[in-house]
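Residue-level structural notes
Each chain, letter by letter, is given below.
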Amino acid sequence: MTRFSDLLGTHVRTESGDHLGCVHDLRAELTSRSLKVNGLVVGKLGLLERLGIGAPESGARIRTHDVVPWSAVVRASRREVVVRDDAQERQ
């Protein structure tokens, strides 16, 4: 089983080999019974968000195209995350 902490810093690529960046954070929704992962934050703007630039309390929250929907993930391991080729279009 892969934990989210194992994915931090992992390279993300599409099935056809395009590099999208590294995993910097995740998007998730906390429900009364579980935590549902919605997406992976990747790329340069994702790194800025991870560092708190554009954080929720600021008026200029970064809502980037650098969030890859979890539904687009084909496989995830400690070595890499592979997503569908249309991952950036599915947001």
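First, a word on what this report is: a plain description of the structure on this page. Everything numeric in this text was worked out from a predicted model, so none of it was measured.

Conventions and cut-offs
Residues numbered from 1 in each chain as written. Predicted model: local features only at pLDDT ≥ 70, side-chain atom pairs only at ≥ 80, totals over all residues. Heavy atoms only, no water. Helix = DSSP H or I, 4+ residues; strand = E, 2+ residues; numbered from the N terminus. Areas by Shrake-Rupley, 256 points an atom, 1.4 Å probe, with all protein chains shown as cover. Pairing = 2+ DSSP bridges. Axes fitted to C-alpha atoms, helices over the stretch in contact; angles between N-to-C directions. Salt bridge = Lys/Arg side-chain N within 4 Å of Asp/Glu carboxyl O. Buried < 20%, exposed > 50% of the residue type's maximum accessible area, 1.4 Å probe, protein only. Contact = heavy atoms within 4.5 Å. Polar contact = N/O pair within 3.5 Å; in protein donor to acceptor, adjacent residues only side chain to side chain.

What about the overall build of the protein chain?
Check the secondary structure of the protein chain and you find 2 helices and 6 strands. Ordered by position from N to C terminus, the α and β elements of the protein chain give α-β-β-β-α-β-β-β. Working note: accessible area of the protein chain is about 5900 Å², and carbon and sulfur atoms make up 51% of it.

Focus on the sheet that holds strand β1 (residues 11–14)
Spatial ordering of the open sheet is given by β4-β3-β2-β1-β6-β5, a layout of 6 strands whose pairing is mixed. Sheet topology places β4 (67–69) and β5 (73–76) at the edges, where each strand pairs with a single neighbour. Adjacent strand axes in the sheet meet at a mean angle of 40° when their direction is disregarded. Of the strand pairs in this sheet, strand β2 (residues 19–30) and strand β3 (residues 35–42) are connected by 7 bridges, and their pairing is antiparallel. When the sheet's bridge partners are listed, Leu26 is paired in β3 with Leu40.

What about the pairing of β2?
Alignment of β1 against β2, held across 3 bridges, turns out to be antiparallel. Its bridge partner lying in β2, Val12 is registered against Gly21. Here β2 folds back onto β3 in antiparallel fashion, the turn holding 4 residues.

With respect to the pairing of strand β6 (residues 80–83)
Two elements, β1 and β6, share 4 bridges in a ladder whose sense is parallel. Paired with Val12 across the strands is Val81, a residue of β6. In textbook terms, the turn of a hairpin is the stretch between consecutive antiparallel strands, and for β5 and β6 this stretch comprises 3 residues.

A few points about the pattern of salt bridges
For the coordinates displayed, the defined rule picks out 2 salt bridges. The salt bridge partner of Arg78 is Asp6, with a shortest N-O separation of 3.3 Å. Here Arg78, found in the loop between β5 and β6, pairs with Asp6, found in helix α1 (residues 4–7); they are 72 residues apart in sequence, far enough to count as distant. You can call Arg78 exposed: its relative accessible area is 57%.

A short note on the environment of His11
For His11, the position within the fold is in strand β1. In this structure His11 comes out as partly exposed when scored by relative accessible area, which is 43%. For the pair formed by His11 and Val82, sequence separation is 71 residues and the distance between their alpha carbons is 8.6 Å. Setting aside anything within four residues of it in sequence, one finds His11 in contact with His19, Gly21, Cys22, Glu80 and Val81. Side-chain polar atoms of His11 contact the side chain of His19, separated by 2.8 Å.

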